[in-house]
Amino acid sequence: MTNKKDRVYKDKASCSGCSACYLICPTKAITMHTDERGFSFPEIDEKKCISCNLCEKVCPWKKEYPWKKEYSDNASDMLKCYAAKHMDKEIIASSRSGGVFTALSDVVLDSGGCVYGAAMDADFVTRHHRAVSKSERETFKKSKYVQSEIGNSLEKVKVDLEDGKYVLFSGTACQCGGLKAYLSKAGVNMDKLILLDLVCAGVPSPKVFADYLNWLQKKSKKKIERFEFRDKDKYAWGEGVEKVRYSNGKVRYQDYFTGSLFFEAWVRRECCFHCPWARVERETDVTLGDFWGVDKICRELYDDKGCNLVLVHTPKGEALFQSAKKDLLAKEVSREQVAHSQKHLYQPTEKPKDYDAFWEDYGKFPFSKVMKKYATNTVADSFLKKAIRKGIRFITR
Ligand SMILES: Cc1cc2nc3c(=O)[nH]c(=O)nc-3n(C[C@H](O)[C@H](O)[C@H](O)COP(=O)(O)OP(=O)(O)OC[C@H]3O[C@@H](n4cnc5c(N)ncnc54)[C@H](O)[C@@H]3O)c2cc1C
Ligand code: SF4
Ligand code: SF4
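Residues numbered from 1 in each chain as written. Chains lettered and ligands numbered in written order. Predicted model: local features only at pLDDT ≥ 70, side-chain atom pairs only at ≥ 80, totals over all residues.

### Re the overall build of the protein
- Check the secondary structure of the protein and you find 17 helices and 13 strands.
- By the compact-globule yardstick of 21 Å for 397 residues, the protein fits well, its C-alpha radius of gyration being 21 Å.
- Projecting the C-alpha coordinates of the protein onto the three principal axes gives extents of approximately 60 × 55 × 40 Å.
- Taken over 397 residues, the protein has a buried fraction of 41%. (Helix = DSSP H or I, 4+ residues; strand = E, 2+ residues; numbered from the N terminus. Rg over C-alpha atoms; globule rule 2.2 N^0.38 Å. Buried ≥ 20, exposed ≤ 12 C-beta atoms within 10 Å, placed from the backbone.)

What follows is the structure in structure tokens.
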């Protein structure tokens, strides 16, 4: 007998947990469940399943993307590439890269539209939320290196579009792919939807991150009040140093999670090693990333606070970028100049050799033991050690 679960995802390497199958199911036979690693997957209740196969048809991992067949250097005719950063230095400081997300989302909010993005809530869980004001949108800024809970955001986007609202949805390429597949199967008009995705190295486990925060709290005997994955006040944009504020007001800088667990890729979702969107070409309107190497291409936009790589794929994306340009310093660059600026634009992250060993240890041992074996804090390292690590990181990112 065929296991009906197989109808949605073949194996865990081909499901990003986008929830499109769960939403499209006409009999509500699908529910989303969190596995032992902290990632969410669909499960089918066979008693409710009427074998309509809609779940299979909607899955963005089953789609034949034109670029999957062969690598082609011919991008879509539309593709435009920019180096860009916000004119307001405070906005750059409060953003991961150059603050282009703020400029783009300002245009949508100023025209009465709404913006979706990932925020870290007070319980330190990262979830997708809807914002209709700039203050609500502020929480979406800065990268959270965990998979965000998509919750009922895709349904809310559907309602917004049906109500005739402009919507900017921001998230990883697989979240955008899931939303687009769901809306198109549900027959929703997407003229007023702008999809913004990120150049993406992969998403770490929310469960490991929660364990990490508990481990830090136990170690320090203090409650954590604020956590940032990559500080830009004290450290440069290219560093991966976390900033943790404790209940006694003390601030600690370290890189156990960002620098070890995330950068070494042990805690990333398995599908990320097979990501079909690790490309310059995308299905979205705009893609944002860090513009590594911008100092060699347009020196005038370089400093250690951040600069965005902007890939514009559609006329809708270009119209939004042009409207936002009044707030930006921007320069058009060629596809050739960006294509090989970082490997997530042409190939997914490689699965580390000891990936399976990590998860075996994680399931078997107390978290403190896992940390001892896999994580280091290099912030206290000597200048020489740091320079070596920085070099390795530059080669591998
Ligand atoms: C998990 C992850 C991996 C990334 N990997 C790379 C990479 O390898 N190379 C690269 O060039 N850029 C990467 N980025 C993108 C980059 O860090 C910036 O998000 C991007 O350059 C936008 O910068 P900004 O200053 O314009 O935006 P900011 O103002 O910092 O806005 C952040 C944007 O990121 C979204 N976001 C934040 N956290 C998440 C999350 N967990 N899930 C979904 N969306 C989220 C928000 O919704 C918002 O749209 C990654 C981002 C994330 C979240
Ligand atoms: S539709 Fe999304 S959640 Fe469902 S199997 Fe495909 S990737 Fe996974
Ligand atoms: S690497 Fe690909 S599959 Fe993984 S979170 Fe990023 S976009 Fe999704």
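Now, onward.
### Brief notes about the domain arrangement of the protein
- Taken domain by domain, the protein holds domain 1 (5–67), domain 2 (68–203 + 269–345) and domain 3 (206–267 + 365–396).
- Its C-alpha centre places domain 2 at a distance of 26 Å from the equivalent point of domain 3.
- Each partner contributes residues to the interface: domain 2 has 15 residues there, and domain 3 has 13 residues.
- Here the side of domain 2 that touches domain 3 is built from residues that sort into five nonpolar, five polar and five charged. (Domains from an automatic or database assignment. Contact = placed C-beta atoms within 7 Å. Nonpolar A, V, L, I, M, F, W, Y, C, P; charged D, E, K, R; others polar.)

### Considerations on helix α6 (residues 100–110)
- Where burial is concerned, most of α6 is hidden: nine out of the 11 residues are buried.
- Taken residue by residue, α6 has Val-100, Phe-101, Thr-102, Ala-103, Leu-104, Ser-105, Val-107, Val-108 and Leu-109 as its buried positions.
- A positive backbone phi angle near 85 degrees is found at Gly-112, which sits one or two residues after α6.

### Some words on the nonpolar core
- Core analysis: the biggest nonpolar cluster contains 91 residues, and Cys-21, Ala-83, Leu-104, Phe-169, Val-286 and Val-310 have the highest contact counts within it.
- Non-local contacts of Val-286, meaning those with residues more than four positions away in its chain, are made with Leu-104, Leu-196, Val-310, Leu-311, Val-312, His-313, Gly-317, Leu-320 and Phe-321. (Core = buried A, V, L, I, M, F, W, Y, C linked by C-beta atoms within 7 Å.)

### Brief notes about the site of ligand 3
- With respect to spatial proximity, the complete set of residues near ligand 3 consists of Ser-16, Thr-172, Ala-173, Cys-174, Cys-200, Gly-202, Val-203, Arg-269, Cys-271, Cys-272, Cys-275 and Trp-277.
- Along the lines of polarity and charge, the residues of the shell around ligand 3 split into eight nonpolar, three polar and one charged. (Near = placed C-beta within 6 Å.)

### Section: the sheet that holds strand β3 (residues 80–86)
- Taken together, eight strands build an open sheet; the order of strands is β5-β4-β6-β7-β11-β12-β3-β13 and the sheet is mixed. A strand with exactly one partner marks an edge of an open sheet, and here the two such strands are β5 (126–131) and β13 (328–333). Shown here is a sheet whose adjacent strand axes are inclined to one another by a mean of 25 degrees, direction ignored.
- Judged from the five bridges that link them, strand β11 (residues 286–290) and strand β12 (residues 308–312) form a sheet pairing that is antiparallel. When the sheet's bridge partners are listed, Val-286 is paired in β12 with Val-312.
- Relative to the sheet, helix α8 (residues 153–162) contacts β4 (114–120), β5, β6 (167–171) and β7 (193–198), its axis offset from that of β6 by approximately 160 degrees. (Pairing = 2+ DSSP bridges. Axes fitted to C-alpha atoms, helices over the stretch in contact; angles between N-to-C directions.)

### Thoughts on the site of ligand 2
- Residues in close proximity to ligand 2 total 15 residues, the closest being Tyr-9, Cys-15, Cys-18, Cys-21 and Cys-59.
- Here the residues of the shell around ligand 2 sort into 11 nonpolar, four polar and no charged.

### Focus: the packing of α6 against helix α13 (residues 315–324)
- Direction vectors running N to C along α6 and α13 enclose 100 degrees, while the axes themselves pass 9 Å from each other. Taken together, the axes of α6 and α13 lie roughly perpendicular to each other. Residues Ala-103, Leu-104, Asp-106 and Val-107 of α6 form the contact with α13, whose own contacting residues are Leu-320, Ser-323 and Ala-324.
- Taken together, the residues that form the contact of α6 with α13 break down as five nonpolar, one polar and one charged. (Parallel < 35°, antiparallel > 145°, perpendicular 65-115°, else oblique.)

### Considering the pairing of β6
- Burial of β6 is extensive: five of the five residues sit out of reach of the surface.
- The side-chain alternation of β6 yields two buried faces, one formed by Val-167, Phe-169 and Gly-171 and the other by Leu-168 and Ser-170.
- The sheet contact formed by β4 and β6 spans three bridges and is parallel. Of the residues in β6, the one forming a bridge with Tyr-116 is Phe-169.
- Running through helix α9 (residues 173–185), the crossover from β6 to the neighbouring parallel element β7 is right-handed. (Right-handed = clockwise from strand over helix to strand, strands pointing away.)

### With respect to the sheet that holds strand β10 (residues 251–254)
- Pairing is antiparallel in the open sheet, where three strands are placed in the order β8-β9-β10. The two strands at the open ends of the sheet, each matched to only one other strand, are β8 (224–228) and β10. Mean inter-strand twist for the sheet, computed between neighbouring axes without regard to direction, equals 20 degrees.
- Taken strand by strand, helix α10 (residues 206–220) contacts β8 and β9 (242–246), and its axis lies near 130 degrees from that of β8.

### Quick word on the pairing of strand β1 (residues 30–34)
- Bridge count for β1 against strand β2 (residues 40–44) is five bridges, and the pairing is antiparallel. Bridge pairing in β2 links His-33 to Phe-41.
- Hairpin geometry of β1 and β2 is characterised by an intervening segment of five residues between the two adjacent antiparallel strands and by a positive phi of about 95 degrees at Gly-38.

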